[in-house]
Amino acid sequence: TATVPLDRLVSWLGGYRDAVIEQRAYLTELDSAIGDADHGANMARGMTAVMDKLGAGVPATADELFKSVGMTLVTSVGGASGPLYGTFFLRMGMSAGAIAEFDGAALAAALRAGLDGIVARGKAEAGDKTMFDALAPGLGAFDAALAEGASPAEAAAAAATAAEAGRDATKPWVARKGRASYLGERSAGHLDPGAASSALLLRCLADALGS
Ligand code: ADP
Ligand code: MG
Ligand code: MG
């Protein structure tokens, strides 16, 4: 279908909560190689807090929904990823405004605004070995699919596949942002944890829109 009602995006967030809980040990293992071994715990704690808050009542419009998600992540997750993912969702909400249903273009614009927020906050560039390196190709594929007439679900599936390739490409790189950059050359040979969690975010979007 051509439109995405807000409850699909709530399903996305719930699916992501379940996925980061399921992959908590894996995400932490990635972060133990090139960071401080807390990325799985950070994401699981943050998304659990997000869904607990939504359990008390889901806002009716995208701006309020994603503001709640972003604020909860900023306040419940410390370190780099809390403010970065928090900003992603806050900017998504600001881009979307008070809508209850997205078309493909509005969803693409919101996701793009989220990524722009991550860049504004963390200054990551392509090849720095961060979540940017999964999200940027993912959203590029989302846009390209829409331009070819794909549905939001098809675009999200293309985005997830491109993000997973972006995640995998981070493995040989030397990190230039975040804790992993402190390791210099020793950061090479490991996937970036944030690239893994953000490829998962887009895979969960594809799953939520495709089911
Ligand atoms: P911390 O490093 O504070 O322990 P996490 O382990 O939760 O936080 O998250 C680490 C991830 O955050 C990294 O794998 C990377 O993808 C991402 N990251 C770190 N710094 C930046 C940045 N400046 N811009 C974009 N992403 C970043
Ligand atoms: Mg960490
Ligand atoms: Mg930490």
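Remember, it's a predicted structure, so these values are computed and weren't measured experimentally. (Residues numbered from 1 in each chain as written. Chains lettered and ligands numbered in written order. Predicted model: local features only at pLDDT ≥ 70, side-chain atom pairs only at ≥ 80, totals over all residues.)

**Thoughts on the site of ligand 1**
Convention followed: For each residue, a C-beta atom is placed from the backbone, and the residue counts as near a molecule or strand when that atom lies within 6 Å of it. Helix numbering and strand numbering both begin at the N terminus, where a helix is a DSSP run of H or I of at least 4 residues and a strand a DSSP run of E of at least 2. Here the term charged refers only to Asp, Glu, Lys and Arg, the term nonpolar to Ala, Val, Leu, Ile, Met, Phe, Trp, Tyr, Cys and Pro, and the term polar to all other amino acids, Gly among them.
Among the 24 residues in the neighbourhood of ligand 1, the closest are listed as Gly79, Ser81, Gly122, Gly178 and Gly194. Elements with a contribution of two residues or more to the shell around ligand 1: helix H3 (39-55), helix H5 (81-96), helix H6 (104-122) and helix H9 (193-210). For the shell around ligand 1, the element with the most residues is H9, which contributes 3 residues. Tallied by class, the residues present in the shell around ligand 1 amount to 8 nonpolar, 9 polar and 7 charged.

**Some points on the nonpolar core**
Nonpolar side chains in soluble globular proteins tend to end up buried together. Note the following rule: Note on definitions: a nonpolar core is a set of buried residues drawn from Ala, Val, Leu, Ile, Met, Phe, Trp, Tyr and Cys, linked by C-beta atoms within 7 Å. In this scheme the burial state of a residue depends on its C-beta neighbours within 10 Å: 20 or more other such atoms mean buried, 12 or fewer mean exposed, and anything in between means partly exposed; the C-beta positions come from the backbone. Contact between residues is assigned whenever the C-beta positions, reconstructed from backbone atoms, fall within 7 Å.
Ranked by internal contacts, the top residues of the largest apolar core, which has 67 residues, are Phe142, Ala156, Ala159, Leu202 and Leu205. It is H9 that provides the largest number of residues to this core, a total of 11 residues. Discounting residues that sit within four places of it in the chain, Phe142 has contacts with Ala108, Leu111, Ala155, Ala156, Ala158 and Ala159.

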